[in-house]
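Examination of the molecular architecture
Residue strings, one per chain:
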Amino acid sequence: MLPTPSQIDEQVELERDQIRQGLKRLKDNTIKLENKSYASATIYGISSVDTLLPLLVKRIEDTNLRIHKGKYGVAFKDIHKYLSKLEPLAAAAIACKITFDKVFSFKDASNQATKVCEAIGHAIEDECHMRHYETNAPGLLHTLKKNYWHRAIGTQQKLVVIRTLMNRYQVVPWETWSTATRVKLGGWLLDCIMESSGWFYKLSIREGRKTTLYVVPTPEFIDIKDEVMNHAELFSPLAWPMLIPPKDWSNECPGGYITNEVMHGHDLIRKSDPFPIQGEIPLNFLNKIQKVGYKLNPFTVKVAETLEERGIKVGKFLPIIDYDLPIKPIDIETNYDARKKYRREAAEVMNTRAQEFKRSCRTRMTIQAINRFKDRDRFYIPWSFDYRGRAYPIPAFLTPQDTDFGKALLRFADESYTNKDTDKWLAFQCATTYGLDKSTMDERLEWVKSNLPLITRVATNPIDYVGDWEAAEEPWQFLAACEEYYNVVIITERNTTGLMVATDATCSGLQILAGLARDKKTAQLVNVLPADRPQDAYKVVADKAKNNCPIHIQQVMDRKVVKRTVMTIPYNAKPYSNRSYIKEALAEKNVEIEKEDLTQTVQAVRDAMNIIVPGPMKVMRWIEDEVAKAIKRGVKELEWITPSGFVVNQKIMKKKVEVFDLQLLGRCQLRVATADKNEVDRARHKAATAPNLIHSLDASLLHLGIIRFNNPIGLIHDSVLCRATDMDELSSIVRETYMHLFAENDYLTDFAHQIGAESEPPIIGDLEPESVIDSTYFFC
């Protein structure tokens, strides 16, 4: 049904409010950062520093080159020994940051030239100071940073804490630089910034009997700043759900929001240049999911409001908790020890408050969205594609792709009357969200029967029995499932259901690769073929790899150790990332592993993959080889059309990227264009093609399947969400679509032709089409 004129007017007013709120947030954040002397973190600051850094680095490097040739100015001779302790990129990053922070700060006299110069010199010294500790006590510094670094304390306080503890452990002390040295060093770097950019100059201002020098932006930079902020304003409108169905997308006209101002930055295909002309099926799919109506779940909303009021955390729900400052001692003015103890305790509370505020950001923003939409009978979500065809909601909150807490807030606005399948799938949702996602269907249903008292307690008194549901794997969705199951099944008070029930693909990467290779063995292992219980590929790989692992690792080798590695190898994860995944999994079991043993374990897992899932591994190697050949032939970008008609354009060009760690300012990154801007990044193309092909095909599977499904649907990449009454139908459609895509068609050969492959793809060919239809656990 088409929206009425009054509904359209209401949506337009909502979008105007999104624009107003977005502009307000942009301006408030900018002012807040300038007030705190953090202008380098503003939008104009980040953009300007990115532009300035390469120019300043070159200026410093040119000066260093003159020194090596014995040619340097007198002014630089005295400071070279201090500046030489840092690489040019580090010095440039520090100098740029401090200059922007000081010049645009609202604090009085912050931009006095002497203060700016000393602040730059001081920051350079602080970085050298920390590197001194890194050289003389690296192990101790690592431990201290691990224990103290992520507390919400400022840069200077971090240095004070580390210096105090280093002195306590009698580490070689740092020789403090003189103020004159700092000013001279900072002054030289400031001059380099002014000469390299033309953005700042020194202005003499008469103040009484004396003249003071200030560092101020040039008119040219003010114009640049204004242009950056004006551009930022175009992309500042907030993205909220809509009160009416979003506009349809087409190749000619953008869809989504009604007003053009809100649609800036929201394209049909995200981060894609150029935008290929898309087929009819993907566009129809996107427009179809945009017409699904949602509403807030009043039960989970009420629980969230109560927990927020009481300051109780559960899972991803992190309200602000008010921590009281310690009571000041009566003798604080005269008792040094009492004063010191109070300040330390008060600092801990302040740090905890700041940390809680940061962590609670998403929860606070979600609650703001709740307050705006909780009185609405329905709202809609605008969606768009990534360049591989996967669908993503444009809003960040109140969507099926939100956190566990966010997802639990949603129900389908159009509920359905219960049927023979309702009890089964609501029970499935209860058990799965509690943590039984690897159990059989019968085991999940039996668990629910055995835990009816638990479900009843959670549904009828969630606040007093919060401990019963916060232990679940997905506590908020478990809470919502319990309430639905209780009212629909246990007491049968409701005869309709709108709960979103979720099912996930089993090892979707391997499922897709098994289809491409038509590999029956792998298909059986990842539930593409029917079985009495869910197959566990992770366990099979772990068992196969166990005997080839070091003796002490064999005892703990199980599915948890290999899970992330098995999941990511189909997406071209290399041994380096495999190492970190396995090491982290072993650490969770309190098992330490030496470097050589870790190498042996990783190799054992990868060898096991080659034996257990030969088809997918051969396909991945073939893709890498053929992509390398294509790039060698002069191909600059790869393009393929998925079975649904979505056009994937993969263009990956080389960029020179320098990454370095500043001890106090954290990780910095400098990106500059390569000498040849048209140089294709062969290595990244090789690494990216297999995972991108997999993602494009799991997206295509949903495009084709959901076009045939005429009930409310939600998506999370390779996971589908629908009402309990519709899950059997949806599961059947997905399996039929998979069969059509891979068992009845030879898409890998089509892909080979599209990329100009020089060899035939490695297809095993023993997967029988009709077998896929009866798979119980394809999605589970």
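Residues numbered from 1 in each chain as written. Predicted model: local features only at pLDDT ≥ 70, side-chain atom pairs only at ≥ 80, totals over all residues. Heavy atoms only, no water.

Turning our attention to the sheet that holds strand E15 (residues 719-722). What the three strands build is an open sheet, ordered E9-E15-E14; its pairing is antiparallel. The open sheet is flanked by strand E9 (501-504) and strand E14 (714-716), the only strands paired with a single partner. Taking the axes of each pair of neighbouring strands and ignoring which way they run, one obtains an average angle of 20 degrees across the sheet. The pairing of E9 with E15 spans four bridges and is antiparallel. Residue pairing for E15: Val501 is matched across the bridge by Cys722. (Pairing = 2+ DSSP bridges. Helix = DSSP H or I, 4+ residues; strand = E, 2+ residues; numbered from the N terminus. Axes fitted to C-alpha atoms, helices over the stretch in contact; angles between N-to-C directions.)

Inspection of the secondary structure puts Thr259 in the loop between helix H9 (219-234) and helix H10 (260-263). Among the polar contacts listed, one links the side chain of Thr259 to the side chain of Glu15, at a separation of 2.5 Å. Beyond its immediate chain neighbours, meaning those up to four positions away, Thr259 contacts Val12 and Glu15. (Polar contact = N/O pair within 3.5 Å; in protein donor to acceptor, adjacent residues only side chain to side chain. Contact = heavy atoms within 4.5 Å.)

By the alternation rule, side chains of E15 split into Ser719 and Leu721 and Val720 and Cys722, which are all buried. In this structure, the hairpin formed by E14 and E15 is closed by a connection of two residues, where His717 is found at a positive phi of approximately 60 degrees. (Buried < 20%, exposed > 50% of the residue type's maximum accessible area, 1.4 Å probe, protein only.)

By the definition in use, this model includes 38 salt bridges. Between Lys539 and Asp543 there is a salt bridge whose closest N-O contact spans 2.9 Å. Of the two residues, Lys539 and Asp543 are both situated in helix H23 (residues 537-546); the distance of four residues between them amounts to about one turn of the helix. The exposure class of Lys539 is partly exposed, given its relative accessible area of 45%. Through salt bridges with shared partners, one network takes in Lys295, Arg411, Glu415, Glu483, Glu484 and Arg494. (Salt bridge = Lys/Arg side-chain N within 4 Å of Asp/Glu carboxyl O.)

Here we take up the pairing of strand E3 (residues 293-296). Across two bridges, E3 lies against strand E4 (residues 379-380) in antiparallel orientation. Residue pairing for E4: Gly293 is matched across the bridge by Tyr380. For E3 and strand E7 (residues 410-417), the ladder comprises three bridges, and the chain directions are antiparallel. Within the sheet, the bridge partner assigned to Leu296 lies in E7 and is Leu410.

In this section: the packing of helix H21 (residues 508-517) against helix H29 (residues 682-707). Close contact between H21 and H29 brings their axes to 10 Å; oriented N to C, the two are set at 90 degrees. Taken together, H21 and H29 sit at an angle that is classed as roughly perpendicular. Contacts between H21 and H29 involve Gly509, Ile512, Leu513 and Leu516 from the first element and Leu693, Ile694, Leu697 and Asp698 from the second. Considered class by class, the residues forming the contact of H21 with H29 number six nonpolar, one polar and one charged. (Parallel < 35°, antiparallel > 145°, perpendicular 65-115°, else oblique. Nonpolar A, V, L, I, M, F, W, Y, C, P; charged D, E, K, R; others polar.)

What follows is about unusual backbone geometry. Residue Ser37 is not a glycine yet carries a positive backbone phi of 60 degrees. Mapped onto the elements of the fold, Ser37 is located in the loop between helix H1 (5-35) and helix H2 (43-68).

This part covers the packing of helix H28 (residues 614-632) against H29. H29 packs onto H28 with a crossing angle of 135 degrees between their chain directions and a minimal axis gap of 9 Å. One element, H28, and the other, H29, form an angle in the oblique class. The hand of the H28/H29 crossing is right-handed. Facing Met620, Ile623, Glu624, Val627, Ala628 and Ile631 of H28, the residues of H29 in contact are Arg682, His685, Lys686, Thr689, Ala690 and Leu693. (Left-handed = near helix turned anticlockwise from the far one by under 90°.)

Counting residues in hydrophobic clusters, the biggest one holds 151 residues, and the most contacted among them are Leu398, Trp469, Trp476, Ile713 and Leu715. If one sorts the elements of this core by residue count, helix H20 (residues 475-490) sits on top with nine residues. When sequence neighbours within four positions are dropped, the list of residues in contact with Trp476 reads Thr300, Val303, Ala304, Leu307, Val314, Phe317, Asp404, Phe405, Ala408 and Trp469. Formed by 49 residues, the second largest nonpolar core is a distinct cluster that contains Ile79, Ala123, Cys128 and Met194. (Core = buried A, V, L, I, M, F, W, Y, C linked by side-chain atoms within 4.5 Å.)

A few words on the sheet that holds E7. Here we have four strands laid out as an open sheet, ordered E4-E3-E7-E8, and antiparallel in their pairing. Looking along the sheet, the strands with just one partner apiece sit at the ends: E4 and strand E8 (496-499).

Here we come to a nonpolar patch on the surface. Side chains of Tyr201, Leu203 and Ile205 sit close together on the surface and give an oily, nonpolar patch of about 210 Å² of accessible area. Mapped onto the fold, Tyr201 is located in strand E1 (residues 200-207). Under the relative-accessibility criterion, Tyr201 is labelled partly exposed at 34%. (Patch = residues over 30% accessible without salt bridge, like charges linked within 9 Å, V, L, I, M, F, W, Y side chains within 5 Å. Areas by Shrake-Rupley, 256 points an atom, 1.4 Å probe, with all protein chains shown as cover.)

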